[in-house]
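# Observations on the model geometry
Listed below, chain by chain, are the residues.
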Amino acid sequence: MMVSADNDSRRAGTIWMMNLDESTSVITPLASAVFCRVESQSASELAEAMGGNVLTDILNRFETGRRCYAARIDGRFAAYGWVSFNEEFIGELNLRLKLLSGEAYIWNCATLPDFRQNYLYSALSAYIVGELQKEHLSRAWIGADLDNVPSQRGIARAGFMYVADLVVVRVLTLRQVWVQGRPNMPNSLVAEARRAFLNDRDKVWLKASSSTST
């Protein structure tokens, strides 16, 4: 790897995985919540919870087979998370994650400000895992920003394994992205992360941008 004053090397995000044929635990949040799958009829309410002008995007997600799961408290959306089953675009890194049959990718998860610090993220993640297990899926992936320690704690609490980091090196006008396995992580699992996030390549070259988070 080239090293120069123009290089900017950093871990951009964390990659987590769970084999869905393993037993998992139900997590009880600190606030009484009802967990459910969100249907397209609730798209407008969901868009209000997510904030911004996102209704068209939400409707497109439903139409293309993506799912949303949520936690409700007193009837209000308190937390939500999306699941994809084929491929998904990681816009911040300009990567296209591709899944095998039987895999799922959990993404775009958030807890609304009024309901944070209630373990809703980990409880919702565990609920989603349980729903995927009912459909006999084999594996779930999830990612988190490197600096988002609360999300990483929630992911670990839900039973996911910290497999690898996404590492970015900026070289002039290009960025090199690769998957770096965590210490003592089996090479086979790191290879699976590379297959999903980099499509079997050791690394990818992309046009440089100012954002490097997942």
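So, a few notes on the structure that sits alongside this text. (Residues numbered from 1 in each chain as written. Predicted model: local features only at pLDDT ≥ 70, side-chain atom pairs only at ≥ 80, totals over all residues. Heavy atoms only, no water.)

### Notes on the overall build of the protein chain
Helices and strands together make up the secondary structure of the protein chain, namely five helices and eleven strands. The C-alpha radius of gyration of the protein chain comes to 17 Å, within 12% of the 17 Å expected for a compact globule of 214 residues. With the principal axes as the frame, the protein chain shows a C-alpha extent of 55 × 40 × 30 Å. Buried residues in the protein chain amount to 48% of all 214 residues. Counting every atom, the protein chain has about 11,000 Å² of accessible surface; 47% of that belongs to carbon and sulfur. Side-chain charges in the protein chain split into 23 positive and 23 negative, and the spacing between the mean points of these groups amounts to 4 Å. (Helix = DSSP H or I, 4+ residues; strand = E, 2+ residues; numbered from the N terminus. Rg over C-alpha atoms; globule rule 2.2 N^0.38 Å. Buried < 20%, exposed > 50% of the residue type's maximum accessible area, 1.4 Å probe, protein only. Areas by Shrake-Rupley, 256 points an atom, 1.4 Å probe, with all protein chains shown as cover. Lys, Arg positive; Asp, Glu negative; His and termini not counted. Charge placed at Lys NZ, Arg CZ, Asp CG, Glu CD.)

### Examining the side chain of Ser122
As for its placement among the helices and strands, Ser122 is situated in helix 3 (residues 120-134). Within the structure, Ser122 has its side chain in polar contact with the backbone oxygen of Tyr119 (distance 3.2 Å). Polar side-chain contacts of Ser122 include one of 3.4 Å to the side chain of Arg157. With residues up to four places along the chain from it excluded, the contact list for Ser122 reads Ile27, Gly154, Arg157 and Ala158. (Polar contact = N/O pair within 3.5 Å; in protein donor to acceptor, adjacent residues only side chain to side chain. Contact = heavy atoms within 4.5 Å.)

### Details of the packing of helix 1 (residues 43-50) against helix 2 (residues 55-63)
Where helix 1 meets helix 2, the axes come as close as 9 Å, and the angle between the chain directions of the two elements is 125°. Taken together, the axes of helix 1 and helix 2 are oblique relative to one another. With respect to the hand of their crossing, helix 1 and helix 2 are arranged in right-handed fashion. Along its contact with helix 1, which presents Ala43, Ser44, Leu46, Ala47 and Met50, the element helix 2 presents Leu55, Ile58, Leu59, Arg61 and Phe62. Partitioned by chemical class, the residues of the contact of helix 1 with helix 2 number eight nonpolar, one polar and one charged. (Axes fitted to C-alpha atoms, helices over the stretch in contact; angles between N-to-C directions. Parallel < 35°, antiparallel > 145°, perpendicular 65-115°, else oblique. Left-handed = near helix turned anticlockwise from the far one by under 90°. Nonpolar A, V, L, I, M, F, W, Y, C, P; charged D, E, K, R; others polar.)

### Quick look at the pattern of salt bridges
Counted under the stated rule, the structure contains twelve salt bridges. Its salt-bridge partner being Arg72, residue Glu45 comes within 2.9 Å of it at the nearest N-O pair. Taken together, the residues Glu45 in helix 1 and Arg72 in strand 3 (residues 67-73) connect sequence positions 27 residues apart. The exposure class of Glu45 is partly exposed, given its relative accessible area of 33%. Note on Arg72: relative accessible area 18%, which makes it buried. (Salt bridge = Lys/Arg side-chain N within 4 Å of Asp/Glu carboxyl O.)

### Side note on the pairing of strand 3
Most of strand 3 sits inside the fold, with seven of its seven residues counted as buried. Residues Arg67, Tyr69, Ala71 and Ile73 line one face of strand 3 and the alternating positions Cys68, Ala70 and Arg72 line the opposite face, and both faces are buried. Of the pairings in the sheet, the one linking strand 2 (residues 34-38) to strand 3 comprises five bridges and is antiparallel in character. Bridge assignment links Arg37 to a residue of strand 3, and that residue is Tyr69. Alignment of strand 3 against strand 4 (residues 76-84), held across seven bridges, turns out to be antiparallel. Its bridge partner lying in strand 4, Cys68 is registered against Trp82. Between strand 3 and the antiparallel strand that follows it, strand 4, lie two residues; Asp74 among them carries a positive phi value of about 55°. (Pairing = 2+ DSSP bridges.)

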